[in-house]
Every structure is written in C-alpha cells, then in structure tokens.
There are 2 protein chains.
Amino acid sequence: MKLQVAIDRVKLDDAVRVANQLDSVVDIIEFGTSLVKDYGLLAIKHADLNLHHAQLLIDLKTIDEGPYEFKQGFAAGADILTVMGASSVDTIKKVYEIGEAQDKEMFIDMMGINQEQREQISTFNKAIYGIHHAVDEEHGFDAVKTVADFHQKFPEIARISVAGGINLEVAQELAQQGIVESVIVGSGIMKASNPVAAAQKFMEVMN
Amino acid sequence: MKLQVAIDRVKLDDAVRVANQLDSVVDIIEFGTSLVKDYGLLAIKHADLNLHHAQLLIDLKTIDEGPYEFKQGFAAGADILTVMGASSVDTIKKVYEIGEAQDKEMFIDMMGINQEQREQISTFNKAIYGIHHAVDEEHGFDAVKTVADFHQKFPEIARISVAGGINLEVAQELAQQGIVESVIVGSGIMKASNPVAAAQKFMEVMN
C-alpha cells in the first residue's frame, strides 16, 4: 500500500522544502488544491521541486475545461492529476486520453457523487478512484468501512485511494484490509513537529 | 439584464489590461478558472486591476474547503465567487455565510447536477444560480429554452445567470425573455478584434 502525503494551505516555498525532504520516504507527494489556487500551476512549474523517488500528484480538482487544465498540470510537472467524478463524462474521457497519451495518470475524485454517476465513470481501467468525504462536512468518516462498501459495489475497480482522517491505526487497518492501493494523509504528517519522522511511522505500520 | 464578460486562458497581464478597458462598459468582469489555476489568487490580488464600475467575479469553482477558498478569493478582490452546486451542502452553506458576513456574493455553478441536488441547494435566496453546460460536452446548448425550463422548475429562484455560446441574437432573446439577471459572454467578446466594441454591441442589444 502506498503512502500519499497531502501538502496544503502552506506557503509554496515551505511546500517545496517539505516535499523535497519527504521525497525519499513517501510514494506520492500531493500538492493540494490550495497551492494551485493560491500560487498557480506556473509557479509550481518553476519551483525548485526536485523529486527523485516520489510521484507528484497535483490536486487540480478539474471539473470542466479538462484538456486545458490537464495540459497545464502535466506541464507543471505532475505525474498524476485529479478530476472530479462530478464532471461531465466527456470531461473525464478527454483528460483520461491526455493522461494515456503522456503516459501519466488520472485520479478521479469520487466526492459527493451518487451511485448512478459512479456507475457511469467506473470504466477507466487505469484510473485511480479516490474516496473521501468533503473536508467541510460535519459528520465523521469511517475509511475502512467506506472502502469495503465501495469495493463490494465496484469489484472491477482495481485502483482505489482513500483519504479523510487517516491516523496510524486506520492506516494499519487499511493495509491489513488489502483493498486500497494508496492512503492519503494530510495533517497526520504535515502537522507533526517532524513530518519526515511522522511519514516514516506511517510507512512502518503500513508495510 | 447584466453583461458578464469571461476572461480566460490568456496571460494575466493581458487579462488585467482588457479588464481595465472593459470596466466602464460591462457590469461584471469574470476572471476565469484558468487564470486562478495558472497564476493563483495571490498574483491576482497583487495585479494592477483597477475596476471602478464593474464587479469582479473570480470563477473559483470551489468544491471543497470552501471557507479557506472563499476567504482567499475575497481577499484577492472578488465581489462574487463561484461554488459548485455539486459540492456538499455544508460547503455551500459555509461559503454563503462568508459572503454574507463580508457583504459579498456567492454564485452557484449548477453544471452537471441532478434535480435532487438542485432542490437541496435552491434555498440560498441572495445567491446567483448559474446555468451552463460543460465546455467539454459535445452536444449543443439552447440557452433560452434551458432558462425557461429552469425557471419553471424553480420559480422561487430570483437570481439566474446563463452562459454557453451566447451571441448577440441569443443575448437579445434572453433580454426579451426577461428571466435571467445576467448573461455570461466569453469568446463572443474576448475573441473579437476589438473587445470593447464587441461588449458595447452586446450592451446595445440587451438594453
């Protein structure tokens, strides 16, 4: 199981510094939507990001104008870009093709879509399907149960990622469960006094 | 009926220059999502945008982390910010409250949501409800008919905006129809050899 660390709501310089520190420890570095919307893809493209081991996921949250956004996002250095499952199917098809053409990856954010929408977009066989609840939602989120339910409904989806309040205990349970390809941890690593040490602990319990 | 001109997929300097030129002609200047994602809100905040007449709408397309994005967007100078109707209801409630507290406005992008979702979010009485189809969708869009249908289903929604292939003829029909508060024109103005003159023509047929 892979560990993706989400870097969000910090200064771009700080994001770049901690990303370079985490590069050798984690599998995927996520530059969160706040970094895109605060600083822009062009600034990310020209930042001193120097990743040798981890993949870079930029959480673009594309919902329209997919081809333009995905071209800009991959040009900024992303290996993986996110598109909202709530987008039109045409948008998702178009960005999937761009990812395929560039040998890069598409992550579909499944937040807030219903069963019918899920079924419509469950056929992108190389895509990563990301399950999480809205950060703004008030109620809790049971990652292990949500993943089990999703897997039961969509057994054909091979690549699943989950986010939302993942601590060491939940990460270990998810690893034992054996369904998801990756877990996304934000504050559990980024708000630790030592993010590298915190990430190492996650890697230990997961593997 | 108000005219909103959407500025998208250009260099930020060019966007700022044409916005300042259009300020006295149009009602609302939209900085499109591409400007946010390419350059970032901080660059927009520090740009030489000098609007005296028109309102600034930044097409943030918020879908999560609403309070953070709306604070950043209003701090960048926006009078109106967009949130996706596909967001969680909690997200929309939270950003609506931020708009109300700052005496600024929320625009709900109704793209790609079903009737049930529309009903859930039809109660924000000061919000602007934006109707359009996805840019990436292949099939056509009949603005006049779509507006009539929307108004019939949601007669209680007072503030409606429409976008999507609006030319002079459609703008005139929408003005005569008398339902929408504003129309959004992108390439019909921005791709004209003289955007100011093109905007003036739209204002003439609409009023």
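Keep in mind that what you see is a predicted model, and the values were worked out from it rather than measured. (Residues numbered from 1 in each chain as written. Chains lettered and ligands numbered in written order. Predicted model: local features only at pLDDT ≥ 70, side-chain atom pairs only at ≥ 80, totals over all residues.)

S.K.: Got a minute to help me understand the overall build of chain A in this structure?
M.R.: For chain A, the helix and strand inventory stands at 10 helices and 8 strands. In terms of overall dimensions, chain A is globule-like: its C-alpha atoms have a radius of gyration of 16 Å, near the 17 Å expected for 207 residues. Each principal axis of the C-alpha distribution contributes one length, and for chain A these read about 45 × 40 × 30 Å. Burial status across chain A gives 50% buried among its 207 residues. Long-range contacts, defined as pairs at least 24 residues apart, comprise 61% of the intrachain contacts of chain A with a sequence gap of at least 6. (Helix = DSSP H or I, 4+ residues; strand = E, 2+ residues; numbered from the N terminus. Rg over C-alpha atoms; globule rule 2.2 N^0.38 Å. Buried ≥ 20, exposed ≤ 12 C-beta atoms within 10 Å, placed from the backbone. Contact = placed C-beta atoms within 7 Å.)

S.K.: What is the right way to read the relation of the copies chain B and chain A from this model?
M.R.: Between the two copies of this chain, the relationship is a rotation about some axis together with a displacement along it. Least-squares fitting of chain B to chain A yields an RMSD of 0.0 Å, with the superposition described by an axial translation of 0.0 Å and a rotation of 180 degrees. Those values place the two copies in the arrangement expected of a two-fold rotation axis. Minimal C-alpha separation from the rotation axis in chain B is found for Gly40 of chain B, amounting to 2.0 Å. (Least-squares fit on C-alpha atoms with pLDDT ≥ 70 in both.)

S.K.: Hey, could you run me through the interface of chain B and chain A in this one?
M.R.: A common way to express how large an interface is: the accessible area buried when the components associate. Contacts between the two partners involve 34 residues from chain B, matched on the other side by 34 residues from chain A. A total of 6 residues in the side of chain B that touches chain A trace back to one element, the largest contributor, which is helix α2 (residues 33-39) of chain B. Split into classes, the residues belonging to the side of chain B that touches chain A amount to 13 nonpolar, 9 polar and 12 charged. (Nonpolar A, V, L, I, M, F, W, Y, C, P; charged D, E, K, R; others polar.)

S.K.: How should unusual backbone geometry be read in this particular structure?
M.R.: Apart from glycine, the bulk of residues carry a negative phi angle, and the bulk of peptide bonds sit in the trans form. Residue and element names in this part refer to chain B. Even without glycine at this site, Arg9 takes up a positive phi of about 55 degrees. Turning to its location among the elements, Arg9 is positioned in the loop between β1 (2-7) and α1 (12-22). You can call Arg9 partly exposed: it has 16 C-beta atoms within 10 Å. Non-glycine residue Glu65 carries a positive phi angle of around 50 degrees. Structurally, Glu65 can be placed in the loop between β3 (55-62) and α4 (66-75). Given 23 C-beta atoms within a 10 Å radius, Glu65 is considered buried.

S.K.: What's the story with the packing of α4 of chain B against helix α5 (residues 89-101) of chain B in this structure? I'm lost.
M.R.: Helix-helix packing is described using two parameters, namely the angle between the two axes and the distance between the axes. All names here are of chain B. Contact pair α4 / α5: the axes reach a minimum separation of 8 Å and the direction vectors enclose 30 degrees. As the angle between them shows, α4 and α5 are arranged roughly parallel. Crossing of α4 against α5: the hand is right-handed. Contact with α4, carried on its side by Gly66, Pro67, Phe70 and Lys71, involves Thr91, Lys94, Val95, Ile98 and Gly99 of α5 and no other residues of that element. Its residues placed into classes, the contact of α4 with α5 shows 4 nonpolar, 3 polar and 2 charged. (Axes fitted to C-alpha atoms, helices over the stretch in contact; angles between N-to-C directions. Parallel < 35°, antiparallel > 145°, perpendicular 65-115°, else oblique. Left-handed = near helix turned anticlockwise from the far one by under 90°.)

S.K.: Help me out: how do you make sense of helix α8 (residues 168-177) of chain A in this one?
M.R.: Residue and element names in this part refer to chain A. For α8, every residue scored as buried is listed here: Val170, Ala171 and Leu174. Seen along its axis, α8 keeps its buried residues to an arc of 100 degrees; they face one direction. For α8, the exposed residues set more than 90 degrees away from the buried face come down to Glu169 and Gln176. Buried residues belonging to α8 abut α7 (143-153), β7 (160-163), β8 (182-185) and α10 (195-206). Just past α8, the residue Gly178 takes up positive phi, approximately 75 degrees. (Arc of directions from axis to C-beta.)

S.K.: Mind showing me how you'd approach the nonpolar core here?
M.R.: Within the largest apolar cluster, 131 residues are counted, with the highest numbers of intra-cluster contacts made by Val5, Ile58 and Val183 of chain A together with Val5, Ile58 and Leu81 of chain B. If sequence neighbours within four positions are ignored, Val5 of chain A has contacts with Leu22, Val26, Ile29, Glu30, Val185, Ile189, Met190 and Ala199 of chain A. (Core = buried A, V, L, I, M, F, W, Y, C linked by C-beta atoms within 7 Å.)

S.K.: How do you make sense of the sheet that holds strand β2 (residues 28-31) of chain A when you look at a structure like this?
M.R.: Hydrogen bonding along the main chain pairs the strands of a sheet, whether they run parallel or antiparallel. All names here are of chain A. With respect to topology, 8 strands assemble into a closed barrel ordered β1-β2-β3-β4-β5-β6-β7-β8, the strand pairing being parallel. The sheet shows a mean angle of 25 degrees between the axes of neighbouring strands, taken without regard to direction. As paired strands, strand β6 (residues 128-131) and β7 are joined by 3 bridges and run parallel to one another. Bridged to Tyr129 within β7 is Ile160. Seen against the sheet, helix α4 (residues 66-75) touches β3 (55-62) and β4 (80-84) and runs at an angle of roughly 155 degrees to β3. Sitting on the sheet, helix α5 (residues 89-101) touches β3, β4 and β5 (105-109), and the angle it makes with β5 is about 155 degrees. (Pairing = 2+ DSSP bridges.)

S.K.: Even after reading the chapter, I still don't get the pairing of β5 of chain A, so can you show me in this structure?
M.R.: Within a regular beta strand, the side chains point alternately toward one face of the sheet and then the other, so they alternate between its two faces. All names here are of chain A. Within β5, 5 of the 5 residues are buried, which leaves it mostly tucked inside the rest of the structure. Relative to β5, β4 is paired through 5 bridges, and the arrangement is parallel. Its bridge partner lying in β5, Met84 is registered against Asp109. In the classification by handedness, the crossover that spans β4, the intervening α5 and the parallel β5 is right-handed. Here β5 runs beside β6; their pairing, made up of 3 bridges, is parallel. Opposite Phe107, over in β6, you have Ile128 as the bridge partner. (Right-handed = clockwise from strand over helix to strand, strands pointing away.)

S.K.: Which parts of the structure should I look at to understand the environment of Ala197 of chain B?
M.R.: By secondary structure assignment, the location of Ala197 of chain B is in helix α10 (residues 195-206). Along the chain, Ala197 of chain B and Val25 of chain B lie 172 residues apart, while their C-alpha atoms are 9.2 Å from each other.

S.K.: Just to check I follow, could you spell out the packing of α7 of chain A against α8 of chain A for this structure?
M.R.: Residues and elements named next belong to chain A. Put simply, α7 and α8 touch, their axes get as near as 9 Å, and they point 25 degrees apart. By the angle class used here, α7 and α8 are roughly parallel. Relative to α8, α7 is oriented so that their crossing is right-handed. For the pair formed by α7 and α8, the contact residues are Ala143, Val144 and Val147 on the first element and Val170, Glu173, Leu174 and Gln177 on the second. For the contact of α7 with α8, the class distribution of residues is 5 nonpolar, 1 polar and 1 charged.

Purely spatial values, then, with no claim about function.
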